[in-house]
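Residues per chain, in single letters:
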Amino acid sequence: MDDGMNDGMNDFDFLHGTWTGANRKIEEPLTGSDSWVEFPSSLVVQSLFGGAGNIDEVTFPTLGRRGATLRLHDRESGQWSIHWADSRTGRLDPPVVGGFVGDRGDFYGEDTLRGRPIRVQFTWYRLTPDTARWEQRFSPDDGATWELNWVMDFTRTGAAG
């Protein structure tokens, strides 16, 4: 948590360790669909740079794929950038950037979906020492409206290493 002493540098320390995830995701975002799929995941998060960064690998066993996230704290701006890579593409997606206020972190960026420009929002919630939630929203209209399209509820299975 940002206590004013570290300008947010250790905001993601809560995430270090191992977790299981319960996922709900809209099958086709920004199509008007309300068809959600549910699937499990497991997550291993390691600290980098004394808390000014971390890296994770997430496994989606029923989907046959993995992902990786690199989170870096910009010491000059005090903001975090979150970079996602998917095993299906082998590429880093454009980052989302932001920070925490209390136990909620909001991060925004730009991407494309089916060839159209979109805005992306990630929201992290530090719920308890052993539970957390991540949500993803897309906006097709530069942030005028947002569609929640993916929710991951995490439960800690092991301490940070």
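Residues numbered from 1 in each chain as written. Predicted model: local features only at pLDDT ≥ 70, side-chain atom pairs only at ≥ 80, totals over all residues. Heavy atoms only, no water.

Looking at the confidence of the model for the protein chain
Reasoning step 1: In the predicted model, the protein chain carries a mean pLDDT of 93, and the fraction of residues at 70 or more is 95%.
Reasoning step 2: Long-range and interchain partners of residues 1–5, a stretch whose pLDDT sits below 50, account for nine contacts in this model, where long-range means more than four residues apart. (pLDDT = per-residue confidence, 0-100. Contact = heavy atoms within 4.5 Å.)

Quick look at the packing of aromatic side chains
Reasoning step 1: One pass over the full model with this rule turns up 16 aromatic pairs.
Reasoning step 2: Note on Phe122 and Trp134: the rings are 5.1 Å apart at their centroids and 75° apart in plane angle, and the pair reads as edge-to-face. One end of the pair, Phe122, is in strand β8 (residues 116–128); the other, Trp134, is in strand β9 (residues 131–139), with 12 residues separating them in the sequence. Residues Phe122 and Trp134 agree in their burial class; the two are buried.
Reasoning step 3: The ring of Trp36 has Arg24 sitting right over it, with the charged end atom 4.3 Å from the ring centre.
Reasoning step 4: When the ring centre of Phe12 is taken as origin, the NZ or CZ atom of Arg71, which lies over that ring, is 5.3 Å away. (Phe/Tyr/Trp six-rings, centres within 6.5 Å; stacked < 30°, edge-to-face > 60°. Helix = DSSP H or I, 4+ residues; strand = E, 2+ residues; numbered from the N terminus. Buried < 20%, exposed > 50% of the residue type's maximum accessible area, 1.4 Å probe, protein only. Lys NZ or Arg CZ within 6 Å of the ring centre and 35° of its normal.)

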